[in-house]
Amino acid sequence: MAWAPIHDQPYHPVPYRPVRVSADDSLRTAAALREKMDQRRTVRAFSSDPVPEQVVVDAIAVAATAPSGAHQQPWTFVLVTDPEVRARIREAAEDEERVSYEGRLGDQWLSALRPLGTDMHKPHLTDAPYLIVVFEQRFYLDGEEHHKHYYVDESVGIAVGMLLTALHLAGLAALTHTPSPMRFLSDVLGRPRNEKAFAVIPVGYPAADAMVPDLVRKDLDQVIVRV
Ligand code: IYR
């Protein structure tokens, strides 16, 4: 069945009968995934080595399976490869970041960022072979008619999480970059007025000399509360 806007569609249930996975297989799969995902790191230094585009397209396809408010799938993934467009994005992002790092962020925010070693320079925006610019669709635009989308941030956040997972499992590195403000992305990429930039995700292989901060994840007993 082809996609159509979901508003005004009737409820049409169909059977869902996935094969039951044995407890042993579940345990094995979950433990392996846990170990693999614990190796994911946010990378800020990318190699310009080429990456098969289909890997990135498949990862975006994974993201687009995310659950969403009222199944409205309120996302657009702009896959940017054009070096000129990437250069324009970098220039505009660095202009904003300069203002941020030179005062807009404030002392508390700057000290929160210190362990990450970030600054106003964003070479990843031109070094990584792909930028995925994620836009959230605040509403559906049908001619002049607006249809509000629900739980847009939650939906797009889940989709981005799935995107980062898929990219990592496919052997690629990524960075969740949120230049602020992000308005310039709509202008540079010519996006319609129902869309708002959510994140810029450079994707590629890490640079051969990539370094990451020595960060420690919380223990599980700090993040799980059993009731
Ligand atoms: N957007 C800025 C600052 C920044 C903010 C947070 I919160 C981070 O986790 C990392 C960076 C930048 O990209 O440098």
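Conventions we followed
- Residues numbered from 1 in each chain as written.
- Predicted model: local features only at pLDDT ≥ 70, side-chain atom pairs only at ≥ 80, totals over all residues.
- Heavy atoms only, no water.
- Helix = DSSP H or I, 4+ residues; strand = E, 2+ residues; numbered from the N terminus.
- Polar contact = N/O pair within 3.5 Å; in protein donor to acceptor, adjacent residues only side chain to side chain.
- Contact = heavy atoms within 4.5 Å.
- Patch = residues over 30% accessible without salt bridge, like charges linked within 9 Å, V, L, I, M, F, W, Y side chains within 5 Å.
- Areas by Shrake-Rupley, 256 points an atom, 1.4 Å probe, with all protein chains shown as cover.
- Salt bridge = Lys/Arg side-chain N within 4 Å of Asp/Glu carboxyl O.
- Buried < 20%, exposed > 50% of the residue type's maximum accessible area, 1.4 Å probe, protein only.
- Core = buried A, V, L, I, M, F, W, Y, C linked by side-chain atoms within 4.5 Å.
- Near = heavy atom within 4 Å.
- Nonpolar A, V, L, I, M, F, W, Y, C, P; charged D, E, K, R; others polar.
- Pairing = 2+ DSSP bridges.
- Axes fitted to C-alpha atoms, helices over the stretch in contact; angles between N-to-C directions.
- pLDDT = per-residue confidence, 0-100.
- Expected span 1.5 Å × (residues − 1).

J.: Which residues make up the side chain of His-149, and what are the values?
T.: Here His-149 is to be found in the loop between strand S4 (145-148) and helix H6 (152-169). Here Gln-137 takes part through its backbone oxygen, which lies 2.8 Å from a polar atom of the side chain of His-149. Those residues in contact with His-149 that sit more than four places away from it in its chain are Gln-72, Pro-74, Gln-137, Arg-138, Phe-139 and Tyr-140.

J.: Break down a nonpolar patch on the surface for me, with residues and values.
T.: A cluster of nonpolar residues, Leu-220, Val-223 and Ile-224, forms a patch on the protein surface that exposes about 250 Å² of accessible area. Judged by its relative accessible area of 38%, Ile-224 is partly exposed.

J.: Describe the nonpolar core, with residues and values.
T.: Counting residues in hydrophobic clusters, the biggest one holds 24 residues, and the most contacted among them are Val-56, Phe-77, Ile-132, Leu-163, Ile-201 and Val-203. Of all the elements in the fold, those that place two or more residues in this core are helix H2 (53-63), strand S1 (75-80), strand S2 (130-137), H6 and strand S6 (195-204). In terms of residues, this core owes the most to one element, H6, which gives eight residues. Those residues in contact with Val-56 that lie beyond four places of it in its chain are Val-51, Leu-79, Tyr-130, Ile-132, Leu-172 and Val-203. By size, the runner-up hydrophobic cluster in this structure holds 17 residues, among which are Val-80, Met-182, Leu-185 and Val-188.

J.: Hey, could you go over the site of the ligand for me, with residue numbers and the actual values?
T.: Looking at the ligand, the residues that line it are Arg-44, Glu-97, Tyr-101, Trp-109, Leu-113, Leu-116, Asp-119, Lys-122, His-177 and Thr-178. Side-chain polar atom of Glu-97 to a nitrogen atom of the ligand: 3.2 Å apart, as the coordinates give it. Here an oxygen atom of the ligand sits 2.5 Å away from a polar atom, N or O, in the side chain of Lys-122. Out of a free accessible area of 370 Å², the ligand has 72% covered by protein chains. Those elements giving two or more residues to the shell around the ligand turn out to be helix H3 (83-104) and helix H4 (107-113). Taken together, the residues of the shell around the ligand break down into four nonpolar, two polar and four charged.

J.: Tell me about the pattern of salt bridges, residues and numbers included.
T.: Inspection of the entire model under this criterion finds ten salt bridges. The closest approach of N and O atoms between Arg-90 and Glu-94, which form a salt bridge, is 3.0 Å. Taken as a pair, Arg-90 and Glu-94 lie in helix H3 at a separation of four residues, close to a single helical turn. Residue Asp-95 pairs with Arg-98 through a salt bridge whose shortest N-O separation is 3.3 Å. Of this pair, Asp-95 and Arg-98 are both found in helix H3, three residues apart, which corresponds to roughly one turn of the helix. Here Asp-95 falls in the partly exposed class, since its relative accessible area comes to 41%. Arg-98 sits in the partly exposed class, given a relative accessible area of 33%. A single network of salt bridges, built from pairs that share partners, joins Glu-136, Arg-138, Asp-153 and Lys-196.

J.: Describe in detail the sheet that holds S2, supporting the description with residues and values.
T.: In spatial order, the strands read S1-S2-S6-S5; together these four strands make up an open sheet with antiparallel pairing. With one partner strand each, in any of the chains shown, S1 and strand S5 (173-174) form the two edges of the open sheet. Helix-sheet contacts for H3 involve S1 and S2, and the interaxial angle to S2 is about 65 degrees. Of the strands in this sheet, S1, S2, S5 and S6 are in contact with H6, which crosses S6 at around 10 degrees.

J.: Provide a residue-level description of the confidence of the model for the protein chain, including the pertinent values.
T.: When pLDDT drops low, the exact placement of atoms in the prediction is not to be read closely. Looking at the protein chain, the pLDDT average stands at 96 and 100% of residues meet or exceed 70. For the protein chain, per-element mean pLDDT is lowest for strand S3 (residues 139-142), which scores 91, and highest for H2, which scores 99.

J.: An account of H3 is requested, with residue identities and associated values reported.
T.: The end-to-end C-alpha separation of H3 is 29 Å, in line with the 32 Å expected for 22 residues at 1.5 Å each. Residues of H3 that are buried in the fold lie against S1, H4, helix H5 (124-127), S2 and helix H7 (183-189). In this structure Asp-82 caps H3, since a side-chain oxygen of it lies 2.8 Å from the backbone nitrogen of Glu-84. Of the residues flanking the end of H3, it is Gly-106, one or two places downstream, whose phi is positive at about 85 degrees.

J.: Please set out the environment of Val-62 residue by residue, giving values where relevant.
T.: Secondary-structure assignment places Val-62 in helix H2. Leave out the neighbours within four places in its chain, and Val-62 touches Met-162 and Ala-166.

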